[in-house]
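Read off the chains here:
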Amino acid sequence: IVPSKLCGLPKKMSFQKPELPIDISKRFEQKNSGGLRGKLNFISHDKMLKSPQAITTDAAPTEKIASNFGNSILVNYVPVFVMLQLGVVTKENEFPDEDKLEKQLKELKAAGVDGVMVDVWWGIIEAKAPKQYDWSSYKKLFQLVQKCGLKIQAIMSFHQCGGNVGDVVYITIPEWVLSVGEKDPDIFYTNRSGNRNNEYISLGVDNRPLFQGRTAVEMYSDYMKSFKENMSDLLEDGTIMDIEVGLGPAGELRYPSYPETQGWKFPGIGEFQCYDKYLREDFKAAAAKAGHAEWELPDDAGTYNDTPEKTGFFGSNGTYLTEKGKFFLTWYSNKLIQHGDQILDEANKVFQGYKVRLAAKVSGIHWWYKDDTHACELTSGYYNTNDRDGYRPIARMLSRHYGTMNFTCLEMRNSEQSAEAKCGPQELVQQVLSAGWRENVEVAGENALSRYDRAGYNQILLNVRPNGVNKNGPPKHKMAGVTYLRLSDELLEPKNFKIFKLFVKKMHADQDYNREMSNVATLQRSKPEIPIDELLEATKPIKPFPWDEETDMSVGGALADYIDNLFDKLFSFLN
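Residues numbered from 1 in each chain as written. Predicted model: local features only at pLDDT ≥ 70, side-chain atom pairs only at ≥ 80, totals over all residues. Heavy atoms only, no water.

Looking up the chain in an unreviewed UniProt entry gives the name Beta-amylase, with the organism given as Penstemon davidsonii. Turning to the chain, the UniProt record has this under Sequence similarities (unreviewed entry): "Belongs to the glycosyl hydrolase 14 family." In UniProt, the chain has this text filed under Catalytic activity (unreviewed entry): "Hydrolysis of (1->4)-alpha-D-glucosidic linkages in polysaccharides so as to remove successive maltose units from the non-reducing ends of the chains." (UniProt positions renumbered as here; feature names shortened; annotations may be inferred.)

The structure is reproduced here in structure tokens:
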């Protein structure tokens, strides 16, 4: 490298680094097999500086893919959404950074992003008194998103913000609901030690009129009705196209079995959360009906940070393998499915007739997945073991509501996780996505943690289309959409955003942004309730669908990272 003064360049001349938004490392590995995998061509340095397609293939440069494949490739297009920052509407119900957000939204739109996901916090909207809703800040926010040409996934966030991984803002559930809990703490999930968790109301009071004459389910329904009334124009014009219904902590259909606020640390197995008086009464009644009035809730399942073998419940020949243990786990998981079913039915009543998609989120509990016990999944309410599928019954339940199953940890690879914790995120994702597809349910997903690296994006792309793009029509399997967590200044840094833009392009199967690809059908009324025995037929294990080893829509690998770093150093020096 020659110093600038020796080659006649001004000392402070600014250079723009050329973008190389292609999988360079993959191209070096590809053989001359035709189609998308043709041999490498090198284009002149002048063209490289002018064109983002500096290195390409014989048959299919990115800009020619549409003409080569025709309209059929559009069915491989998967929409991309970006989760907005926590606190974009503050806990005081203010929308303070409108100008900054507008600039960021325009950047997302220019990158081809299809829409954004927004937490609509119950604790902000109905904070002070029952049925006293204030939607003003959210209406302003949603109109800004609409102005920027993006669609909206709205989360009915009936949970607390704060206490889960990634939470940097603290928003409680409504104050007046917390005051009910001060008088009757059993409205909250409770562990065996008696510790209450007030981040979400216990499903044990779903149908008890403890909230100034209303049940928990009625509160959720009233909230969604008010949302519909105040956002009807945005629902009617298709701006709001997804309603994700919060069904537990972090908005997920699960029990709060691993709360950091109570000292849980990864990879603890967590604790069962059914020791409030209402769920305890429910279990005792169920046990008596089954002819075992003597059975009690587990007293040998350990504490939050135990490992499976340290407990009597999950240890070798543990309680979970006995008749009593299986009865408890079936009851515990069934209560969760019934909870989700009832609230989604209410949501369907509210939003039927609009062109929206209902969704429910399932947590990606990947630690201890490769242990025979699947301990943390079990404490969270997913009765999933080597000989029992805990996710397909959830998918079957969702199918009656025309719902979408939203899953997380799409970016994770086994090699990045703890071997001691017997993590299996890749196998878990394959099982859950396959469960949805087998039950004819659309599946969508998210990354669990913020990632800006190519390896994380490539893993998401593999899961999105596990058997690749089909140039002649629909792929074998395809996710309905992916939401990236989350919008931040770090994501928008030039180096990170360049890779993200390429990720969006690959999600779209190298097609240009197409607003119609995120359109959804008119929501129909839910089908009749599925008997629990029929739901449990879906617990029979079925081998997941096969996955390719790697995505055919890569954003690059180690060589691309090396070249990026090389250019960073070069242009930093020249500048």
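The next subject is the sheet that holds strand β4 (residues 115-121). In space, the eight strands of this closed barrel follow the order β3-β4-β5-β8-β9-β10-β11-β12, with parallel pairing throughout. Between one strand and the next, the sheet's axes are offset by a mean angle of 30°, whatever the strand orientation. As judged from the three bridges shared by strand β8 (residues 240-245) and strand β9 (residues 357-362), these two strands associate in the parallel manner. Counterpart to I243 in the pairing with β9 is L358. Helix α13 (residues 392-399) contacts β9 and β10 (404-407) of the sheet and is inclined by roughly 140° relative to β10. (Pairing = 2+ DSSP bridges. Helix = DSSP H or I, 4+ residues; strand = E, 2+ residues; numbered from the N terminus. Axes fitted to C-alpha atoms, helices over the stretch in contact; angles between N-to-C directions. Contact = heavy atoms within 4.5 Å.)

Bringing the packing of aromatic side chains into the picture now. Scanning all chains against the criterion turns up 39 aromatic pairs. Measuring from centroid to centroid gives 6.2 Å for Y200 and Y220, while their planes differ by 20°, and the two rings are stacked. Separated by 20 residues along the polypeptide, Y200 in strand β7 (residues 196-201) and Y220 in helix α8 (residues 216-230) bring together distant segments of the chain. The class for Y200 is buried, based on a relative accessible area of 1%. On the basis of an interplanar angle of 75° and a centroid distance of 4.9 Å, the ring pair of F313 and F314 is categorised as edge-to-face. For the residue pair F313 and F314, the accessibility class agrees, reading buried in each case. Three or more aromatic residues joined by ring pairs make a cluster, and in this case those are Y189, Y255, F272, F283, W295, F313, F314, Y320, F327, F328, W331 and Y332. Across from the ring centre of F545, 4.0 Å away, lies the NZ or CZ of R438, which sits over that ring. Over the aromatic face of Y402 sits the side chain of K527, whose NZ or CZ is 5.1 Å from the ring centroid. (Phe/Tyr/Trp six-rings, centres within 6.5 Å; stacked < 30°, edge-to-face > 60°. Buried < 20%, exposed > 50% of the residue type's maximum accessible area, 1.4 Å probe, protein only. Lys NZ or Arg CZ within 6 Å of the ring centre and 35° of its normal.)

Running from N to C, helix α11 (residues 323-351) and α13 point in directions that differ by 20°, and their axes come no closer than 10 Å. When the axis of α11 is compared with that of α13, the two are roughly parallel. Along this stretch, α11 crosses α13, giving a crossing that reads as right-handed. Residue-level contacts link I337, G340, D341 and L344 of α11 to P393, I394, M397 and L398 of α13. Split by residue class, the contact of α11 with α13 holds six nonpolar, one polar and one charged. (Parallel < 35°, antiparallel > 145°, perpendicular 65-115°, else oblique. Left-handed = near helix turned anticlockwise from the far one by under 90°. Nonpolar A, V, L, I, M, F, W, Y, C, P; charged D, E, K, R; others polar.)

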